[in-house]
Amino acid sequence: MDLILWRHAEAIELDLVGDDMLRSLTGKGEKQAARMAAWLDRQLPEGAKIWASPALRTEQTAKSLQRKFKTHASLAPLCGVDDLLGVVQWPHAKGCVVVVGHQPTLGQTISRLLGLNESECAVKKGALWWLRYRERDGVGQTVVVTVQSPEVL
């Protein structure tokens, strides 16, 4: 199974809208999302499943990929790692799954899957981590396939 954890691109500040779920992407965020989506579209297999948080900024980020996606309440801001892993059925799902989500959940998920001692990894706005689950000699492993940031694409 491949799991791609993609943080939403830069969004407007909360105090401008008052509702975290209604924060939209900034102009810079739209460019970040488009740049990452263009790269990701070239890498993703056709059957990849794409999930997004129901927050506006994550939906806008996911739409930049121009593929069908679903939203799930368990991916909303401040959801838990177990919620995210349940939605994507880690590590038992087949193929590739993309989650467009939020910090700190994405970083906490990465930390858990990689067995890191820190409570979370930092995931920059608009960046993604591509992880792969595999078994070697009967032991499950999480491998980092790539980490990409829109600033370097």
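Notes on the structure follow. Here the structure is a predicted model, which means the values were calculated and not measured.

Time to look at the environment of lysine 68. Within the secondary structure, lysine 68 is located in the loop between helix H2 (56-63) and strand E3 (70-71). Along the primary structure lysine 68 and glutamine 108 are separated by 40 residues, whereas in three dimensions their C-alpha atoms are 26 Å apart.

With that settled, consider the sheet that holds strand E5 (residues 128-136). Within a sheet, each strand pairs with its neighbour through backbone hydrogen bonds, oriented either parallel or antiparallel. Strand order in the open sheet made by the 6 strands is E3-E2-E4-E1-E5-E6, with mixed pairing throughout. With one partner strand each, in any of the chains shown, E3 and strand E6 (139-148) form the two edges of the open sheet. Note that strand E1 (residues 2-7) and strand E4 (residues 96-101) share 6 bridges and pair parallel. Bridging from a neighbouring strand, leucine 5 pairs with valine 99 of E4. Lying over the sheet, helix H4 (residues 105-114) contacts E1, E4, E5 and E6, oriented at roughly 150° with respect to E1.

Here the focus is a nonpolar patch on the surface. The grouping of Leu14, Leu16, Val17 and Leu22 at the surface amounts to a nonpolar patch, some 360 Å² of accessible area in total. The class for leucine 14 is partly exposed, based on a relative accessible area of 40%.

Moving on, we get to the pattern of salt bridges. Applying the stated criterion across every chain, the model contains 7 salt bridges. The salt bridge involving arginine 67 is made with aspartate 41; its shortest N-O contact spans 2.9 Å. One end of the pair, arginine 67, is in the loop between H2 and E3; the other, aspartate 41, is in helix H1 (residues 27-43), with 26 residues separating them in the sequence. Bridged by salt links that share partners, the residues Asp20, Arg23 and Arg57 form one connected network.

Reading guide: rules and limits
- One numbering rule holds for all chains: residues counted from 1, following each sequence as written.
- Local features in this predicted model are restricted to residues whose pLDDT is 70 or higher, and side-chain atom pairs enter the listing and the counts only when it is 80 or higher, whereas totals over whole chains, interfaces and linings include all residues.
- Just so you know, side-chain values use all the structure's heavy atoms and leave hydrogens and water out.
- Helix and strand labels come from DSSP, where a helix needs a run of H or I of at least four residues and a strand needs a run of E of at least two; each type is numbered from the N terminus.
- For two strands to count as paired, DSSP must find a minimum of two bridges between them.
- Residue contacts are counted whenever heavy atoms from the two residues lie within 4.5 Å of one another.
- In this description, a line fitted to the C-alpha atoms serves as the axis of each element, helices being fitted only across the stretch in contact, and the angle between N-to-C directions of two axes falls anywhere from 0 to 180 degrees.
- Each patch groups residues whose relative accessible area exceeds 30% and which form no salt bridge, using 9 Å between like charges and 5 Å between nonpolar side chains of Val, Leu, Ile, Met, Phe, Trp and Tyr.
- With residues, only the protein chains shown are counted as cover, and all accessible areas are computed by Shrake-Rupley using a 1.4 Å probe.
- Every case where a carboxyl oxygen of Asp or Glu lies within 4 Å of a side-chain nitrogen of Lys or Arg is listed as a salt bridge.
- Buried means the residue's accessible area, taken with a 1.4 Å probe over protein chains only, is under 20% of the maximum for its type, while exposed means over 50%, and partly exposed covers the values in between.

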